[in-house]
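Notes for the structure review
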Amino acid sequence: MQKIAIIGGGIIGITLANYLDTTKYDITLFDEGKGQATKASAGIISPWLSKRRNKRWYRLAKDGAAFLQKLATDMNLSQEIYAKNGTILLRSKGLADLANLAEQRKKDAPEIGDIELLSSYQTASKLPLLAPQESLYVSGGARLNGLLYLEYMKKLAVQKQVNFINEKAVLKRKNDHWQISTQNHQISADNVIITAGPNCKPLLEPLGYQVDLRPQKGQLIVFNTAQTESYQWPVAMLDNEADLIPANKGQIIIGATHEDEAQWDLQPTKEAFERLTENSKNVFTVP
Ligand SMILES: Cc1cc2nc3c(=O)[nH]c(=O)nc-3n(C[C@H](O)[C@H](O)[C@H](O)COP(=O)(O)OP(=O)(O)OC[C@H]3O[C@@H](n4cnc5c(N)ncnc54)[C@H](O)[C@@H]3O)c2cc1C
């Protein structure tokens, strides 16, 4: 049986491990877990009206959003893990133009779903934490709880006989195979799939590959409310860096920051807290 090693157990690695056929391949997934984006992510799946102008990014993100709808069905994800409650987009001006852009993009991204300009009243009734304001709603937007997703997908993978090694891996080429070593294990593999996020760089550079990947730090504010119906609310994408993500059991998430200079610094900062608070305070019913 062919041996495959996957290095990195975030959303990419664990999803791949579940789609590979374990009757044909012997799969080992290595995951250090340190600095992992998936378990910390805000989980907004709504790329269609992003302000980013990079067309290749858009194609990748759009195809990813379409795939996620299939994935939710294939893996039978619960509403707690994957909630397709739509997205509300807030803009101080230009909502009608945004609605036109959504209609255009829907032609090759039908996953965007229904597109609707909402009155102030309709906005507040869809997401009661929001102060009344007009908005654009797209029904295809979703939220993925990264931590619950990983836990669930790991259980499925274990049932399929995927092996897990929760240690940092180092990769070497030995004759016709790959050698993957950790502090306590060493295995050889016919094929290696690297899904290690920005750590692809230190894994691949010793083998002579050049990798242009850098970490980006993201910080969130998480707080609890008594709003138990939050699990069915849409995500609100604000007109700045902050977004408002209703999660399960009254939990609300604000964020994330996008910090290119912070490298692997995982400490929360006062500056990020203040910026996210400032960027979001005017959209709430209670400041
Ligand atoms: C705060 C925050 C908010 C975000 N919000 C959103 C959002 O709303 N919407 C969205 O689409 N995206 C969001 N993202 C981005 C998204 O989470 C990431 O793009 C995605 O999770 C990346 O998944 P991945 O599997 O590529 O990498 P990761 O989840 O980072 O997983 C890589 C794994 O590889 C492991 N690893 C690395 N090197 C090694 C090694 N040598 N040996 C063993 N293991 C190794 C790491 O420890 C890690 O566990 C957010 C990210 C953050 C941090």
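Residues numbered from 1 in each chain as written. Predicted model: local features only at pLDDT ≥ 70, side-chain atom pairs only at ≥ 80, totals over all residues. Heavy atoms only, no water.

Comments concerning the overall build of the protein
When helices and strands are counted, the protein shows 7 helices and 17 strands. In terms of overall size, the protein behaves like a compact globule, its C-alpha atoms giving a radius of gyration of 21 Å where 287 residues would be expected to give roughly 19 Å. Projected onto its principal axes, the C-alpha coordinates of the protein cover approximately 65 × 40 × 40 Å. Across the 287 residues in the protein, those meeting the buried criterion constitute 46%. (Helix = DSSP H or I, 4+ residues; strand = E, 2+ residues; numbered from the N terminus. Rg over C-alpha atoms; globule rule 2.2 N^0.38 Å. Buried < 20%, exposed > 50% of the residue type's maximum accessible area, 1.4 Å probe, protein only.)

Notes on the side chain of R143
The residue R143 is located in strand β8 (residues 142-144) in this model. Buried and unpaired, R143 has no salt bridge, with E80 as the nearest side chain of opposite charge at 8.5 Å. Polar contacts involving the side chain of R143 include one to the main-chain carbonyl oxygen of P246, which spans 2.8 Å. (Lys, Arg positive; Asp, Glu negative; His and termini not counted. Salt bridge = Lys/Arg side-chain N within 4 Å of Asp/Glu carboxyl O. Polar contact = N/O pair within 3.5 Å; in protein donor to acceptor, adjacent residues only side chain to side chain.)

Some points on the site of the ligand
If you check the shell around the ligand, you find 29 residues, and the closest are D31, G33, T38, I44 and A169. The backbone of I12 places a nitrogen or oxygen atom 3.1 Å from an oxygen atom of the ligand. Within the side chain of Q36, a nitrogen or oxygen atom sits 3.0 Å from an oxygen atom of the ligand. Split by residue class, the shell around the ligand holds 13 nonpolar, 11 polar and 5 charged. Two domains each provide a minimum of three residues to the shell around the ligand, namely domain 1 (2-37 + 148-207) and domain 2 (53-144 + 217-283). (Near = heavy atom within 4 Å. Nonpolar A, V, L, I, M, F, W, Y, C, P; charged D, E, K, R; others polar. Domains from an automatic or database assignment.)

Some points on the side chain of S135
Here S135 lies in strand β7 (residues 135-138). There is a polar contact of 2.9 Å between the side chain of S135 and the side chain of T123. Those residues in contact with S135 that lie beyond four places of it in its chain are I88, L89, L90, L95, E116, L117, L118 and T123. (Contact = heavy atoms within 4.5 Å.)

Quick word on the nonpolar core
The biggest cluster of nonpolar side chains holds 43 residues, and the ones touching the most others in it are W48, L49, L77, L136 and Y149. When residues of this core are assigned to domains, at least three map to each of domain 1 (2-37 + 148-207) and domain 2 (53-144 + 217-283). Setting aside residues up to four positions removed in sequence, W48 forms contacts with Y58, K62, A65, R105, A109, E111, I112, V138, G140 and G141. Counting 18 residues, the second largest nonpolar core, distinct from the first, contains L130, W233, L244 and I252. (Core = buried A, V, L, I, M, F, W, Y, C linked by side-chain atoms within 4.5 Å.)

Let's talk about the domain arrangement of the protein
Parsing the protein into structural domains produces domain 1 (2-37 + 148-207) and domain 2 (53-144 + 217-283). The interface is formed by 12 residues belonging to domain 1 together with 13 residues belonging to domain 2. Carbon and sulfur atoms supply 78% of the area that domain 1 and domain 2 bury against each other, a total of about 1,100 Å² over both sides. By the criterion of area lost to domain 2, the three top residues of domain 1 are Y19, Y149 and Y152, representing 47% of everything that side buries. There are 0 salt bridges connecting domain 1 and domain 2. Summed over the shared surface of domain 1 and domain 2, the number is 3 residue pairs in polar contact (both at pLDDT 80 or more). Put simply, the parts of the chain that give the side of domain 1 that touches domain 2 at least two residues each are α1 (11-19) and α5 (146-159). A total of 5 residues in the side of domain 1 that touches domain 2 trace back to one element, the largest contributor, which is α5. (Buried area = accessible area lost by both parts, 1.4 Å probe.)

So, the sheet that holds strand β2 (residues 25-30)
Sheet architecture is open: 4 strands sit in the order β9-β2-β1-β13, paired in parallel fashion. Since the sheet does not close on itself, it has two edges, and those belong to β9 (163-165) and β13 (191-194), each with one partner. The sheet shows a mean angle of 20 degrees between the axes of neighbouring strands, taken without regard to direction. Both strand β1 (residues 2-7) and β13 contribute to a ladder of 4 bridges, which runs parallel. Within the sheet, the bridge partner assigned to I7 lies in β13 and is I194. (Pairing = 2+ DSSP bridges. Axes fitted to C-alpha atoms, helices over the stretch in contact; angles between N-to-C directions.)

With respect to the sheet that holds strand β15 (residues 235-237)
Strands belonging to one sheet form pairs held by backbone hydrogen bonds; the direction of such a pair is parallel or antiparallel. Reading across from one edge, β6-β7-β5-β15-β16-β17-β14 is the order of the 7 strands in this open sheet, with mixed pairing throughout. Edge positions in the sheet fall to β6 (115-118) and β14 (220-224), since each has one partner strand and no second. On average, each strand axis in the sheet is tilted by 20 degrees relative to the strand beside it, whichever way the strands run. In the sheet, β15 pairs with strand β16 (residues 243-246) via 2 bridges, with the strands oriented antiparallel. Looking across to β16, one finds that A236 is bridged to L244. Where helix α3 (residues 95-106) meets the sheet, it contacts β5 (87-89), β6 and β7, and its direction lies at approximately 170 degrees from that of β6.

A short note on the packing of aromatic side chains
Applying the stated rule across the entire model yields 2 aromatic pairs. Look at Y19 and F67: their rings are 5.7 Å apart centre to centre, the planes differ by 50 degrees, and that puts the pair in the tilted class. Of this pair, Y19 sits in helix α1 while F67 sits in helix α2 (residues 55-74), and the two are 48 residues apart along the sequence. Look at F223 and F284: their rings are 6.3 Å apart centre to centre, the planes differ by 65 degrees, and that puts the pair in the edge-to-face class. With F223 in strand β14 and F284 in the segment after α7 (270-280), this residue pair connects regions lying 61 residues apart in the sequence. Classification of F223 by relative accessible area gives partly exposed; the value is 30%. The positively charged end of K126 is found above the aromatic ring belonging to Y137, 4.3 Å away from the centroid. Of note, K154 hangs over the ring of F164, and the distance from its end group to the ring centre comes to 4.8 Å. (Phe/Tyr/Trp six-rings, centres within 6.5 Å; stacked < 30°, edge-to-face > 60°. Lys NZ or Arg CZ within 6 Å of the ring centre and 35° of its normal.)

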